[in-house]
There are 2 protein chains.
Amino acid sequence: MECMNTAPASSAAAGEPRWLTDEEQRVWRAYVDATTLLEDHLDRQLQRDAGMPHVYYGLLVKLAEAPRRRLRMTELAKDAKITRSRLSHAVARLEKNGWVRREDCPSDKRGQFAVLTDEGVDVLRRHAPGHVDAVRQAVFDRLTPEQQKSLGEIMGIVAEGLQPSEAGADLPWLR
Amino acid sequence: MECMNTAPASSAAAGEPRWLTDEEQRVWRAYVDATTLLEDHLDRQLQRDAGMPHVYYGLLVKLAEAPRRRLRMTELAKDAKITRSRLSHAVARLEKNGWVRREDCPSDKRGQFAVLTDEGVDVLRRHAPGHVDAVRQAVFDRLTPEQQKSLGEIMGIVAEGLQPSEAGADLPWLR
DNA sequence: CAGTGAAAGTTGAGAGTTCAAGTATGGTGC
DNA sequence: GCACCATACTTGAACTCTCAACTTTCACTG
């Protein structure tokens, strides 16, 4: 996936780029394949059953777990690892569905809360089982306990590496 | 992410759904976070440097590795784990960029080849180093050899589970 | 308390994706 | 060689996401 054996071009950082070994390539391809297939699978399942993509479902879940079923937009975006812009659009859509409602923040007039409505709780309640099933069948049922543990550790490391944890305010991607 | 502790609703298959344990939830969240962040990160890097999203880059790579730098649409779609529809749109875009060209298949008048052009090879040559760097920094540089091996195995299993390998003709997702 | 820069959130346009439907050709059986 | 269904690929509309503004409010400084 990453190869292109004879490529003397300049690396992002230094001279000769460190190409992936064959084994690394196998790993990387497996990763890309699996994540593509899985994201697709879950999106389809949820779109069909619950009428929303996987990310949106995740947003509802985060709201459901929050103190008064509400979260500031920025915080929700941070939790879900998406941009505020994306969240804005998403919440607009979820609002149309009646699953989320916006509320002004009293202490900060710029702020908005996204609040999970009763219908939102309901849609979650109805479709959580199907979603858990899908995740189980695709992932947990196929892995040994050791592999599950490994997966958690590995993904934790990767995730941490990509979010300068508590560094910048917004999503601290590049620059 | 999947929880909703007291939810007596009916599972997709049977009675009481098998909720994720706390530990499973941690693993699943780490997975979702990492994949979201990483896909985003790579998309950004490639969009900025090469002017295309990660998937498109992957398509060019697959073509570059194919026999005469060409692949039938369906086969390319299967390799890349995307639908033919998505591929159609993607190739249309890549064609506009001059990186891919379509060619009729002589033996099957319905068929089309996607062919990597010289400019396509070039764009790949120029941006492969930066992409490999990004992948290394985000993934391989952070994992021990054992973890890399584990990751490959785990992702292989998940990927295999989602594609009934050589079963149906098209992407054999659900139903 | 005006001036300034950062932060919170939204918006619109453009790009990408999905879904359902459509065209055209291939293969099979009669 | 014709009916019939599967296969190969495309298309357009609806939806989602990104990116770069833009608005409003906050916090700090002099």
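The model shown is predicted, which means the values in this text are computed figures rather than measured ones.

### Considering the overall build of chain A
Stage number 1. From N to C terminus, chain A includes 6 helices and 3 strands.
Stage number 2. Starting at the N terminus, the α and β elements of chain A follow one another as α-α-β-α-α-β-β-α-α.
Stage number 3. Every one of the 175 residues in chain A was classed for burial, and the buried ones make up 52%.
Stage number 4. When the accessible surface of chain A is totalled, it reaches about 8,600 Å², and 49% of it is carbon and sulfur.

### Concerning the side chain of Glu 24 of chain B
Stage number 1. Here Glu 24 of chain B is to be found in helix α1 (residues 22-50).
Stage number 2. Aside from chain neighbours lying at most four places away, what touches Glu 24 of chain B is Arg 136, Phe 140 and Gln 148 of chain A together with Trp 19 of chain B.

### Things to note about the confidence of the model for chain A
Residue and element names in this part refer to chain A.
Stage number 1. Averaged over all residues, the pLDDT of chain A equals 89, while 85% of them reach at least 70.
Stage number 2. Confidence drops under a pLDDT of 50 for residues 1-12, and excluding neighbours within four residues, the segment shows 43 contacts in the predicted structure.
Stage number 3. Contacts of residues 167-175 to residues separated by more than four positions or lying in other chains number 16 contacts, the stretch itself having pLDDT below 50.

### Remarks on the protein's contact with DNA strand C
Stage number 1. Around DNA strand C there are 23 residues in total, and Arg 44, Thr 74, Ser 88 and Arg 102 of chain A together with Arg 86 of chain B lie nearest to it.
Stage number 2. Put simply, 66% of the atoms of DNA strand C that lie within 4 Å of the protein are in sugar or phosphate.
Stage number 3. One nitrogen or oxygen atom from the side chain of Arg 84 of chain A is found 3.4 Å from a base nitrogen belonging to DNA strand C.
Stage number 4. A distance of 2.9 Å separates a phosphate oxygen of DNA strand C from a polar side-chain atom of Arg 93 of chain B.
Stage number 5. Secondary structure elements with two or more residues in the surface near DNA strand C: α1 (22-50), α3 (73-80) and α4 (84-96) of chain A together with α2 (54-65) and α4 (84-96) of chain B.
Stage number 6. The residue inventory of the surface near DNA strand C, partitioned by class, reads 4 nonpolar, 8 polar and 11 charged.

### Notes on the pairing of strand β3 (residues 112-116) of chain A
All names here are of chain A.
Stage number 1. For β3, the tally of buried residues reaches 4 of 5 residues, placing the bulk of the element in the interior.
Stage number 2. In terms of strand pairing, strand β1 (residues 70-72) meets β3 through 3 bridges, oriented antiparallel. Residue pairing in the sheet places Arg 72 in a bridge with Phe 113 of β3.
Stage number 3. Relative to β3, strand β2 (residues 100-104) runs antiparallel, the two being bridged by 5 bridges. In the sheet register, Arg 102 faces β3, and the bridge partner there is Ala 114.

### Description of the interface of chain B and chain A
Stage number 1. Of the residues lining the interface, 80 residues belong to chain B; the matching set on chain A comes to 79 residues.
Stage number 2. If you look at where chain B meets chain A, you find 8 salt bridges.
Stage number 3. In this structure, Asp 33 of chain A engages Lys 81 of chain B in a salt bridge whose closest nitrogen and oxygen atoms are separated by 3.3 Å.
Stage number 4. On inspection of chain B and its partner chain A, the count reaches 13 residue pairs in polar contact (both at pLDDT 80 or more).
Stage number 5. Here the side of chain B that touches chain A takes 18 residues from α1 of chain B, the largest share from any one element.

Calculation notes
Residues numbered from 1 in each chain as written. Chains lettered and ligands numbered in written order. Predicted model: local features only at pLDDT ≥ 70, side-chain atom pairs only at ≥ 80, totals over all residues. Heavy atoms only, no water. Helix = DSSP H or I, 4+ residues; strand = E, 2+ residues; numbered from the N terminus. Buried < 20%, exposed > 50% of the residue type's maximum accessible area, 1.4 Å probe, protein only. Areas by Shrake-Rupley, 256 points an atom, 1.4 Å probe, with all protein chains shown as cover. Contact = heavy atoms within 4.5 Å. pLDDT = per-residue confidence, 0-100. Near = heavy atom within 4 Å. Polar contact = N/O pair within 3.5 Å; in protein donor to acceptor, adjacent residues only side chain to side chain. Nonpolar A, V, L, I, M, F, W, Y, C, P; charged D, E, K, R; others polar. Pairing = 2+ DSSP bridges. Salt bridge = Lys/Arg side-chain N within 4 Å of Asp/Glu carboxyl O.

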